[in-house]
Amino acid sequence: MLNISKRARLMLDLLFGVSAVLALLMALDVGLEMSWGRGVAVALAVLAAVGAWVTWRRHDGAADRAVLVLVSCAFVVALVGDGPSGLPLFFVALIVLIVEHGSLAGLAAVAALVIGLVLVMAVAYRRPLEDIVPQSIGVLVLLALGLLIAQLVRETDQSRRENARLLAELRASLDSEKDLVLAQERARSASDLHDGLGHQLTAIQMGLDFADRMRTRDPHAAWEEVGRARDLSAVALDRMRVWVRALDPVPVGSLTGTAALEAVADAFRGTGLEVSVTTLGAEQPLDRERALFCLRVVQEGLTNALRHGGARRVDLVVDHADGLTLTLTDDGSAPETGDAEVATGYGLRSLTQRATRLGGDIDAGWSPDGFRLRAHLPKESA
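For the structure given in this document, a descriptive report is provided here. Please read these numbers as outputs of a predicted model, since none were measured by experiment.

1. Looking at the overall build of the protein
A count of helical and extended segments in the protein gives 10 helices and 5 strands. Going through the 382 residues of the protein one by one, you find that 37% of them count as buried. Pairs at least 24 apart in sequence give 68% of the contacts found in the protein among residues at least 6 apart. Summed over all atoms, the accessible surface of the protein reaches about 21600 Å², with 60% contributed by carbon and sulfur.

Given below as structure tokens:
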């Protein structure tokens with residue numbers, strides 16, 4: 001079944017319905033004026049064509065046979081009927097034939113019909129040549145128009161199928177890329193947990209074991225070790241809070257705009273990070289997608305400041321001039337290697353894709369003041 005739009009299918013159904021009604025009216029006229037046998041034959045051929053059309057539109061396994069039946073019935077109607085009333089049905093069948101089986105099949109059907117009509121006029125009706133030629137030319141012109149329309153529909157159908165195939169391949173590629181990036185991000189997160197929190201917990205356990213062994217022989221050393229374990233456990237707890245903030249979205253409830261961003265900042269203040277929020281310009285209302293994007297930018301910037309830069313302070317500036325610009329600058333330290341290139345993880349990649357979809361952009365990098373994450377969204381079109 002051709003992959004045309006729903007509107008085009010409805011128009012094609014309407015065209016077939018009109019042509020079928022015209023053919024049935026012609027069958028009635030033939031039966032009353034000429035021969036009941038011919039009228040019944042035309043009517044049965046039209047009803048068979050309707051059944052073939054329904055079968056073809058249902059996409060079942062008999063679709064190819066249904067097309068052949070449809071064309072055959074339309075051929076019978078055009079030959080056995082009387083006058084041009086039978087040609088519209090063949091016209092519609094010709095479109096379907098070319099769409100499903102190509103132009104050569106359509107040309108063969110046209111040639112067969114023209115030859116058949118010439119023979120019927122010459123043999124059955126004994127028409128003179130001067131009558132046969134103009135009528136044959138008229139039929140050819142009409143069917144040539146049908147061939148052209150059918151070819152256009154076929155090309156549209158093929159383009160849609162090719163676009164659908166390319167879209168499916170693109171989605172599969174994006175899904176694979178997303179899975180790869182997620183796997184890399186999970187591996188990096190697991191490494192961070194193992195190297196940071198895992199080592200801290202191991203040190204705490206070893207320190208407490210040492211204190212347990214020394215509690216009778218050297219109580220002073222044992223209590224010193226307990227104190228170090230306590231301090232280290234506080235550091236580990238802060239690190240765990242960072243991971244909770246990084247992995248679990250901050251609930252903002254019904255808050256919107258700057259209030260929602262302030263709620264995100266306040267949640268990160270619980271980790272010991274000092275966060276300041278500055279608003280410039282008159283606040284503009286945002287739709288849900290743009291507001292969610294802003295929340296994710298702030299959450300990503302604060303999370304990265306804690307996890308990777310060792311920052312203790314982050315300044316968030318919300319500028320409403322010329323759209324909306326979010327700038328997060330922290331006092332974290334750049335890599336000791338001196339490489340200022342930013343490793344783009346899944347969070348930044350996802351935000352970059354969202355920004356592009358919304359017509360904005362994102363950039364991130366080290367500045368003299370620390371690490372800076374900037375996101376810009378243009379003004380919403382009216």
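Picking up after the structure, the text goes on.
2. Points about the packing of helix α2 (residues 36–57) against helix α4 (residues 87–101)
The contact between α2 and α4 brings their axes to 12 Å, and the two run at 30 degrees. In this view, α2 runs roughly parallel relative to α4, as classed from their interaxial angle. Between α2 and α4 lies a crossing of left-handed hand. Contacts from Val46, Ala49, Trp53 and Trp56 of α2 reach α4 at Leu89, Val92, Val96 and Glu100. A breakdown of the residues in the contact of α2 with α4 according to their chemical character gives 7 nonpolar, no polar and 1 charged.

3. A few points about the pattern of salt bridges
A pair can form between side chains of opposite charge whenever their charged atoms are brought close. One pass over the full model with this rule turns up 9 salt bridges. For the salt bridge of Arg230 with Asp231, the shortest nitrogen-to-oxygen distance reads 3.9 Å. Here the salt bridges do not stand alone but share partners, grouping Asp361, Asp363, Arg372 and Arg374 into one network.

4. Examining the nonpolar core
Of all hydrophobic cores here, the largest spans 44 residues; its most connected members are Trp53, Trp56, Leu70, Val77, Leu89 and Leu113. The biggest single contributor to this core is α4, with 12 residues. Excluding its chain neighbours within four sequence positions, the residues that come into contact with Leu89 are Phe16, Ser19, Ala20, Ala23, Val46, Ala49, Ala74 and Val77. The next biggest cluster of nonpolar side chains, apart from the first, holds 31 residues, and it includes Val275, Ala311, Val318 and Phe371.

5. Considerations on the side chain of Asp330
Tracing the chain through its elements places Asp330 in strand β3 (residues 324–330). Buried charge without a salt bridge: Asp330, with Arg372 as the nearest opposite-charge side chain at an N-O distance of 10 Å. The contact partners of Asp330, leaving out residues within four places of it in the chain, are Ala305, Ala311, Arg313, Val314, Asp369, Gly370 and Phe371.

6. Looking at the side chain of Ser19
With respect to the helices and strands, the residue Ser19 is situated in helix α1 (residues 6–33). Ser19 has contacts with Pro88, Leu89 and Val92, leaving out every residue within four places of it along the chain.

7. Observations concerning the sheet that holds strand β1 (residues 274–280)
Reading across the sheet, the 5 strands line up as β1-β2-β3-β5-β4 and stay open at both edges, with mixed pairing between neighbours. Single-partner strands in this sheet number two, and they are β1 and β4 (361–367). For this sheet, the mean inter-axis angle between neighbouring strands, taken without regard to orientation, is 10 degrees. Both strand β2 (residues 313–319) and β3 contribute to a ladder of 6 bridges, which runs antiparallel. By the bridge assignment for β3, Val314 is matched with Asp330. In this fold helix α8 (residues 257–269) packs onto β1, β2 and β3, with an angle of close to 165 degrees to the strand it touches most, β1.

8. Observations concerning a nonpolar patch on the surface
The grouping of Leu24, Leu28, Leu32, Trp36, Val40, Leu44 and Leu47 at the surface amounts to a nonpolar patch, some 730 Å² of accessible area in total. Counting residues per element, the nonpolar patch draws most heavily on α2, which supplies 4 residues. Its place among the elements puts Leu47 in helix α2.

9. Structural notes on the packing of aromatic side chains
Counted under the stated rule, the structure contains 3 aromatic pairs. An angle of 75 degrees between the planes, with centres 5.0 Å apart, marks the rings of Trp366 and Phe371 as edge-to-face. Take Trp366: its relative accessible area is 25%, and that puts it in the partly exposed class. Classification of Phe371 by relative accessible area gives buried; the value is 13%. In this structure an aromatic cluster arises from ring pairing among Phe16, Trp53 and Trp56.

10. Details of the environment of Thr329
Among the structural elements, Thr329 can be located in strand β3. Taking the C-alpha atoms as reference points, Thr329 and Gly301, separated by 28 residues in sequence, lie 8.5 Å from one another. Thr329 has contacts with Arg313, Val314, Asp315, Asp369, Phe371 and Arg372, leaving out every residue within four places of it along the chain.

11. With respect to the pairing of β2
Along β2, the buried face is formed by Val314, Leu316 and Val318; none of Arg313, Asp315, Val317 and Asp319, which line the opposite face, is buried. Here 7 bridges tie β1 to β2, and the two strands are oriented parallel to one another. Across the sheet, Glu274 pairs through a bridge with Arg313, a residue of β2. Adjacent in sequence and paired antiparallel, β2 and β3 are bridged by 4 residues, among which Asp322 carries a positive phi angle near 55 degrees.

12. Thoughts on the pairing of β4
Alignment of β4 against strand β5 (residues 370–377), held across 7 bridges, turns out to be antiparallel. Opposite Gly365, over in β5, you have Arg372 as the bridge partner.

13. Considerations on the packing of helix α3 (residues 63–80) against α4
Contact geometry for α3 and α4: axes closest at 9 Å, N-to-C directions at 155 degrees. Regarding the angle of α3 to α4, the classification is roughly antiparallel. Regarding α3 and α4, the two cross each other, and that crossing is left-handed. In this structure, α3 uses Asp64, Val67, Leu70, Val71, Ala74, Phe75, Val77 and Ala78 to contact α4, whose residues at the interface are Leu87, Leu89, Phe90, Ala93, Val96, Leu97, Glu100 and His101.

Thresholds, definitions, all that
- By convention here, each chain's residues receive numbers from 1 onward along its written sequence.
- Residue-level local features of this predicted model are given only where pLDDT is at least 70; pairs of side-chain atoms are given and counted only at 80 or more, and the full residue set underlies all totals for whole chains, interfaces and linings.
- Side-chain measures here rest on the full set of heavy atoms in the structure, leaving out hydrogens and waters.
- Secondary structure elements are defined from DSSP: runs of H or I of at least 4 residues count as helices, runs of E of at least 2 residues count as strands, and each element is numbered from the N terminus.
- Exposure is judged per residue with a 1.4 Å probe applied to protein chains only, and the accessible area is read against the type maximum: over 50% gives exposed, under 20% gives buried, and values in between give partly exposed.
- Contact definition: two residues touch when any of their heavy atoms are within 4.5 Å.
- Methods summary: accessible areas were calculated by the Shrake-Rupley approach with a probe of 1.4 Å, and residue burial reflects only the protein chains presented.
- A fitted line through C-alpha atoms serves as each axis, taken over the contacting stretch for helices, and the angle formed by two N-to-C directions is quoted from 0 to 180°.
- An angle below 35 degrees is treated as roughly parallel, one above 145 as roughly antiparallel, one from 65 to 115 as roughly perpendicular, and anything else as oblique.
- Whether a crossing is left-handed or right-handed is set by the direction in which the near helix is turned from the far one by less than a right angle, anticlockwise for left-handed and clockwise for right-handed.
- In this classification, Asp, Glu, Lys and Arg are treated as charged, Ala, Val, Leu, Ile, Met, Phe, Trp, Tyr, Cys and Pro as nonpolar, and every other residue, Gly included, as polar.
- By definition here, a salt bridge exists when the distance from a side-chain nitrogen of Lys or Arg to a carboxyl oxygen of Asp or Glu is within 4 Å.
- What we call a nonpolar core is a set of buried Ala, Val, Leu, Ile, Met, Phe, Trp, Tyr and Cys residues that are connected through their side-chain atoms within 4.5 Å.
- His is not counted here, nor are the chain ends, while Lys and Arg score as positive and Asp and Glu score as negative.
- By the convention used here, strands pair only if DSSP detects at least 2 bridges between them.
- Nonpolar side chains (Val, Leu, Ile, Met, Phe, Trp, Tyr) are joined into patches within 5 Å and like charges within 9 Å, using only residues with over 30% relative accessible area and no salt bridge.
- Each Phe, Tyr or Trp ring, with Trp reduced to its six-membered ring, pairs with another whose centre is within 6.5 Å; inter-plane angles below 30 degrees give stacked pairs, above 60 give edge-to-face pairs, and intermediate values give tilted ones.

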